[in-house]
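As a plain string of letters, each chain reads:
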Amino acid sequence: MKAKTKSQLQIAREKAQDAVNVTNQGIEKLGQYTKDLYQALSALQDHFDLIRNVPTEKKLQVEELKKIRVNWKQQAEKIENDYNAAKVKNAGAGAVGAGMGVAVAAMGPTVAMGIATTFGVASTGTAISALSGVAAQNAALAWLGGGALAAGGGGMAAGKVLLLMTGPVGIAIASAALVASGVMIWKGTTEKKRLEDIFTGISNRDVKSYELAIVELQERIKRIHGENKVLREVLESIRGYGLDYSLMTEKQQYALGASFNMMNSSTQLLINPILGLMPKFSENDYLGYLEWPRRKAKKVTFDRYQDVVIFLANFLYKIELNSTDCELLWKALKNNKELVESMGISKNEFSRELFDAALEALQYQSLTAMKDRIQKGRT
């Protein structure tokens with residue numbers, strides 16, 4: 001029997017899913033290394049705390065780094081707890097832990113640490129980017145793989161996986177959800193073909209983002225591996241300096257100061273996000289768009305639907321659409337019950353104005369970026 005030829009969309013989706021799988025494996029591996037980094041930095045911190053007569057400035061710097069690391073650890077614990085709580089709450093909905101070749105019965109501390117580093121944690125104590133608010137839970141759920149919950153049906157509505165998930169991981173889930181829920185079963189052949197082309201473009205775009213993220217994850221893991229080794233060597237060395245800074249030699253004091261700087265750079269490796277997985281259209285972009293004098297969308301559009309506009313802007317990022325495409329895609333999204341519910345709005349609320357606002361927001365972002373490039377070229 002002749003095998004059925006795969007469509008371009010199926011091929012693109014498979015590539016995206018493979019990239020998601022490799023990305024997830026990288027996130028898990030990153031978590032293992034960041035755990036070791038956290039422990040190495042904590043051991044160094046414990047020794048510093050024992051040293052007397054350290055200059056106040058240096059002592060304050062080390063204390064600030066300690067706060068940042070503690071906050072990172074707390075964020076990782078929150079991700080783990082939120083995920084496991086959601087898993088218990090949604091028991092029976094299916095799909096949890098079955099996505100993309102990554103089987104996870106329960107999220108452990110190491111995985112949560114990988115996610116905390118991947119999506120970044122602000123030093124102020126508030127999670128940023130994809131980890132803001134309820135999206136911290138969604139980032140953890142998304143680690144299971146694009147489409148895992150979406151393909152399971154009930155899992156999406158129960159977990160609201162798409163809510164605020166504006167990075168490539170969330171977009172991949174959205175693409176899978178759209179296809180899995182039957183939106184591609186379109187009456188007109190021409191319309192169906194165009195929708196397939198659009199979703200193929202989305203999948204191909206996401207593959208590029210994942211490929212960049214995979215390289216970035218590998219580089220981060222490599223750097224952390226090296227830092228862990230050096231930090232252990234530094235700790236062994238400074239243990240021989242004694243516990244009174246004022247009695248150390250000038251050379252020892254200099255070496256101790258250098259280890260302060262190393263702690264700072266190592267802490268950044270712990271908390272800086274993987275840029276390839278960051279949202280392409282951020283909340284800051286959105287706030288700038290609100291103040292844009294050329295904005296046509298009415299302000300009432302944004303009183304309740306900020307998250308929807310941000311999600312759509314990320315979903316449509318770098319996807320070329322003509323007026324016919326826009327009408328077709330908007331109707332397809334509007335008729336996707338699971339997608340609309342996951343955004344926390346009703347079908348009637350998902351107006352064309354919301355869709356157009358997202359397109360206009362992307363236009364603002366593009367013009368702003370161009371203006372910034374011109375300005376930098378003049379300086």
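Residues numbered from 1 in each chain as written. Predicted model: local features only at pLDDT ≥ 70, side-chain atom pairs only at ≥ 80, totals over all residues. Heavy atoms only, no water.

Judged by nonpolar contacts, the single largest core of 45 residues is most densely connected at Leu44, Phe48 and Leu256. Contributing elements (two or more residues each) for this core: helix H1 (8–50), helix H2 (56–89), helix H3 (109–119), helix H8 (189–238) and helix H9 (250–271). A per-element tally of this core places H1 first, with 10 residues. Here leucine 256 is in contact with Phe48, Ile51, Ile238, Tyr245 and Met248, once residues within four sequence places are set aside. Residues Tyr289, Trp330, Val340 and Phe355 belong to the second largest nonpolar core, which totals 41 residues. (Core = buried A, V, L, I, M, F, W, Y, C linked by side-chain atoms within 4.5 Å. Buried < 20%, exposed > 50% of the residue type's maximum accessible area, 1.4 Å probe, protein only. Helix = DSSP H or I, 4+ residues; strand = E, 2+ residues; numbered from the N terminus. Contact = heavy atoms within 4.5 Å.)

On to H3, then. Most of H3 sits inside the fold, with 9 of its 11 residues counted as buried. Within H3, burial applies to Val111, Ala112, Met113, Gly114, Ile115, Ala116, Thr117, Thr118 and Phe119. Count one or two residues on from H3 and you reach glycine 120, which has phi positive near 85°.

The next point concerns the layout of surface pockets. Estimated volume of the largest pocket: approximately 370 Å³. Every residue along the wall of the largest pocket is listed here: Lys280, Leu316, Tyr317, Lys318, Ile319, Glu320, Leu321, Leu359, Leu362, Gln365, Ser366 and Ala369. (1 Å grid on protein atoms, 1.4 Å probe; cavity = no way out; pocket = protein on both sides within 12 Å on 5 of 7 lines; lining within 4 Å. Points joined across faces, edges and corners; volume = space filled by probe spheres on them.)

What follows concerns the packing of H8 against helix H12 (residues 323–334). Remark: H8 packs on H12, axes separated minimally by 10 Å, with the N-to-C direction vectors making an angle of 85°. Looking at the two axes, H8 sits roughly perpendicular to H12. Packed against H8, whose contacting residues are Glu191, Arg194, Leu195, Ile198 and Phe199, the element H12 presents Asp325, Leu328, Leu329 and Ala332 at the interface. When grouped by side-chain class, the residues that make up the contact of H8 with H12 number 6 nonpolar, no polar and 3 charged. (Axes fitted to C-alpha atoms, helices over the stretch in contact; angles between N-to-C directions. Parallel < 35°, antiparallel > 145°, perpendicular 65-115°, else oblique. Nonpolar A, V, L, I, M, F, W, Y, C, P; charged D, E, K, R; others polar.)

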